[in-house]
Amino acid sequence: MSTEKLNAEFINIQGVAQTFKTRKGAFPALRDIHLTVAKGEFVALIGHSGCGKSTLLNLIAGLTMPTQGHLLCANREIAGPGPERAVVFQNHSLLPWLTCFENVYLGVERVFGAGSKSTGAASANKAQLKERTDAALALVGLTAAAHKRPGEISGGMKQRVGIARALAMEPKVLLMDEPFGALDALTRAKLQDELLEIVARTQSTVVMVTHDVDEAVLLSDKIVMMTNGPAATIGEVLHVELARPRSRVALADSPQYLGYRKAVIDFLYTRQAHVEKAA
Amino acid sequence: MVSAVFHSPLAAAAEDVAVMKSQTGAAPVVPTASGPAPLPEQTKPGFDWNGLLMAAMPPVLGLALLLLIWSMVSMGTAGSIPTPIDTAKQAITIFSDPFYRKGPNDQGVGWNVLMSLERVALGFGLAAAVGIPAGFVIGRFDFLSRMFNPLISLLRPVSPLAWLPIGLLVFKGANPAAIWTIFICSIWPMIINTAVGVQRVPQDYMNVARVLNLSEWKIVTKILFPSVLPYMLTGVRLAVGTAWLVIVAAEMLTGGVGIGFWVWDEWNNLNVKNIIIAIFVIGIVGLVLEYLLIKVATAFTFEEVKS
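Thresholds, definitions, all that
- Position numbers for residues count from 1 along each chain, tracking the sequence in the order it is written.
- To label them, take the chains in the order written and letter them from A, then take the ligands in the order written and number them from 1.
- Given that the model is predicted, a residue must reach a pLDDT of at least 70 before its local features are reported, and side-chain atom pairs must reach 80 or more before they are shown or counted; all residues, however, enter totals for whole chains, interfaces and linings.
- The numbering of helices and of strands both runs from the N terminus, where a helix is a DSSP run of H or I of at least 4 residues and a strand a run of E of at least 2.
- Field definition: a residue is buried when 20 or more other C-beta atoms are found within 10 Å of its C-beta, exposed when 12 or fewer are, and partly exposed for counts in between, with C-beta atoms placed from the backbone.
- Working definition of a contact: two residues with C-beta atoms, positioned from the backbone, lying within 7 Å.
- Note on residue categories: nonpolar means Ala, Val, Leu, Ile, Met, Phe, Trp, Tyr, Cys or Pro, charged means Asp, Glu, Lys or Arg, and polar means any other residue, Gly included.
- Axis definition: a line fitted to C-alpha atoms, over the contacting stretch in the case of helices. Angles run 0 to 180 degrees between N-to-C directions.
- By the definition adopted for this analysis, an angle is roughly parallel if under 35 degrees, roughly antiparallel if over 145, roughly perpendicular if from 65 to 115, and oblique otherwise.
- It is the rotation of the near helix from the far one that decides the hand of a crossing: anticlockwise by less than a right angle makes it left-handed, clockwise makes it right-handed.
- Pairing between strands is defined by DSSP: at least two bridges between the two strands are required.
- Arc definition: directions from the helix axis to the C-beta atoms.

A. Local environment of the overall build of chain A. Helix and strand counts for chain A come out as nine helices and 10 strands. Along the first, second and third principal axes, the C-alpha atoms of chain A reach 55 × 45 × 45 Å. Within chain A, buried positions represent 43% of all 279 residues. Excluding contacts between residues fewer than 6 apart, the proportion of contacts in chain A whose partners are at least 24 apart in sequence is 71%.

Structure follows, in structure tokens:
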């Protein structure tokens, strides 16, 4: 496979279906998912709650295995979770007994430390590991809070530590499960701006689950809109061709932006409106 | 087997007194320092006498009520139950020389308490050494959990004293038999709480471990152990509470030196004042043990991730 083709199909999801076994019998969560994500692309998965967005993200993360179909990342079958596909969890999932620094260090040590099997990179000494950890915390602006425990910092800061932990491992793909869902609107906007900047700097490939239309349009190159579950699938894919760097304020009344926004809203509330019926 | 423990380690510190009570059938009353807040309209500069009064009054009234009932009972039984004042005088005599030895059956109250604490420490320590690792293994492997659950359910409700004859038979001595009884009564809360703690490690943390691809050693030291610790300490606290209850009864049966034996001995001497003093000593030692373990538990309880 040529490098060009590989880059265009960096993540390649082929005919994936996921069925959960429940007490009431089999529950089909996803069916017929075909999706490719190019290297360096920012993809948002959007849909009503219960449509299987997180299920799809967990499949890419390798936390669950599909009932049907294949998932490839860099032309290799995804066989389980690993640090090359770092996950930013919805509820930050920091270990409360470790400081912010130690939480980030845990991943850094695993990926770059002595005896790490997961990368071919030459293993680094303690000082270099510490440096990497500090750099990741600086990237999200948390140098001052590095030695605080998660219980002592705000929700927005916790989520930033979660992002730092993921970024510090220099993943090939950054997977984010509604990373800003639990935050207030102002904090969320601030973190979105920071994420835009970080992604521009690190050229990361990102797959993000969201239910926020503005977030999807502002951040993504591609918005994957999902139909309602059960047996959800991809309803429509919208390519967002807004020039980068993007500014929240400048875009607020750009007709192009509003057009994309309208398209997503139209999909979610007109064509997939029957949302609570399944629940 | 999950029913005997707390729902979250955070709530544990607040709930423990109540659960102690339901677990052991007795209620070690832990006095709390928090009285009602001072009334807002009476905020004036200087010392808050009103607040102090409101904080101190309820416990003082409670103690006064106890003394009142005690005095009435004493009068009603025509002095066969001694009055609080006589008991207090006797207590001063006893506590002025707690560490005397006049032969094996006549030793100071200090020796008796220390001997009982030593038995509790031995029995409890052995139970912790066996119970905590057992709890980890049972919690981690579903097969073992299902294998041991029936055994635990069967043996746990048995009164610890029912094991005393087995101990006497096997160990051929009163002292090891008492320690054995403590062992058997304190092992269950530790096994059960540790196992439940392991089973309740948040899936989020295990997902983090999987994404970071942590080694088995890192998973145990950085994730499993810290998240199980509050549950484990709850088990330890319940176990110590039960052990302290049981030792008194066990020593009554086995004899030797110990606070339980002392109670029985004083009953044979018909020295009721000393029995009442012993009851207070037992209560206060139990309260101190409980307080120390709560302090340890709160030091190791961290904020939970809200899901």
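B. Representation of the overall build of chain B in the model. When helices and strands are counted, chain B shows 11 helices and zero strands. Seen in sequence order, chain B has helices and strands lined up from the N terminus as α-α-α-α-α-α-α-α-α-α-α. Within chain B, contacts between residues separated by at least 24 positions form 71% of all contacts whose residues are at least 6 apart in sequence.

C. Region of the structure containing the interface of chain A and chain B. In this complex, chain A contributes 19 residues to the contact, which on the side of chain B involves 18 residues. Counting only elements with at least two residues in the side of chain A that touches chain B, the list comes to strand 6 (85–88) and helix 3 (100–112) of chain A. The greatest single-element share of the side of chain A that touches chain B, amounting to three residues, is contributed by helix 3 of chain A. Across the side of chain A that touches chain B, the residue classes tally to 12 nonpolar, six polar and one charged.

D. Quick look at the environment of L57 of chain A. Residue and element names in this part refer to chain A. Within the secondary structure, L57 is located in helix 2 (residues 53–61). Sequence separation between L57 and V209 is 152 residues; the distance between their C-alpha atoms is 7.3 Å. Discounting residues that sit within four places of it in the chain, L57 has contacts with L45, L175, D177, V207 and V209.

E. Just the packing of helix 3 of chain A against helix 4 (residues 126–139) of chain A, in detail. Residues and elements named next belong to chain A. At a minimum axis separation of 9 Å, helix 3 and helix 4 run at an interaxial angle of 125 degrees. Relative to helix 4, helix 3 is oriented oblique. You can see that helix 3 and helix 4 cross each other, and the crossing is right-handed. Contact with helix 3, carried on its side by C100, F101, V104, Y105, V108, E109 and F112, involves L129, R132, T133, A136 and L137 of helix 4 and no other residues of that element. Tallied by class, residues from the contact of helix 3 with helix 4 come to nine nonpolar, one polar and two charged.

F. The sheet that holds strand 2 (residues 25–37) of chain A, seen in detail. With antiparallel pairing, four strands are arranged side by side in an open sheet as 2-1-4-5 (chain A). Every other strand in the sheet has two partners, leaving strand 2 and strand 5 (76–77) of chain A as the edge strands with one partner each.

G. Here's a closer look at the pairing of strand 8 (residues 205–210) of chain A. Residues and elements named next belong to chain A. Burial within strand 8 is extensive, with six of its six residues counted as buried. Neither face of strand 8 is exposed, since T205, V207 and V209 on one face and V206, M208 and T210 on the opposite face are all buried. Both strand 3 (residues 42–46) and strand 8 contribute to a ladder of five bridges, which runs parallel. Pairing of A44 across the sheet is with M208, part of strand 8. In the sheet, strand 7 (residues 173–177) pairs with strand 8 via five bridges, with the strands oriented parallel.

H. View of helix 8 (residues 203–212) of chain B. Looking only at helix 8 of chain B, the buried set comprises Y205, V208, A209, V211 and L212 of chain B. Projection of helix 8 of chain B onto a plane perpendicular to its axis shows the buried side chains occupying an angular sector of 165 degrees, all on one side. In this structure, the buried residues of helix 8 of chain B make contact with helix 2, strand 6 and helix 3 of chain A together with helix 9 (216–254) of chain B. Among the residues trailing helix 8 of chain B, N213 of chain B stands out with phi positive, at a value near 60 degrees.

I. Broad picture of the sheet that holds strand 8 of chain A. All names here are of chain A. One open sheet accounts for six strands, arranged 6-7-8-3-9-10; its pairing is mixed. In this open sheet, the two strands that pair with only one neighbour each are strand 6 and strand 10 (234–239). Taken pair by pair, the neighbouring strands of this sheet meet at an average axis angle of 15 degrees, ignoring direction. As paired strands, strand 6 and strand 7 are joined by four bridges and run parallel to one another. If you follow R85 over to strand 7, its bridge partner there is V173.

Nothing here speaks to function; it is all geometry.
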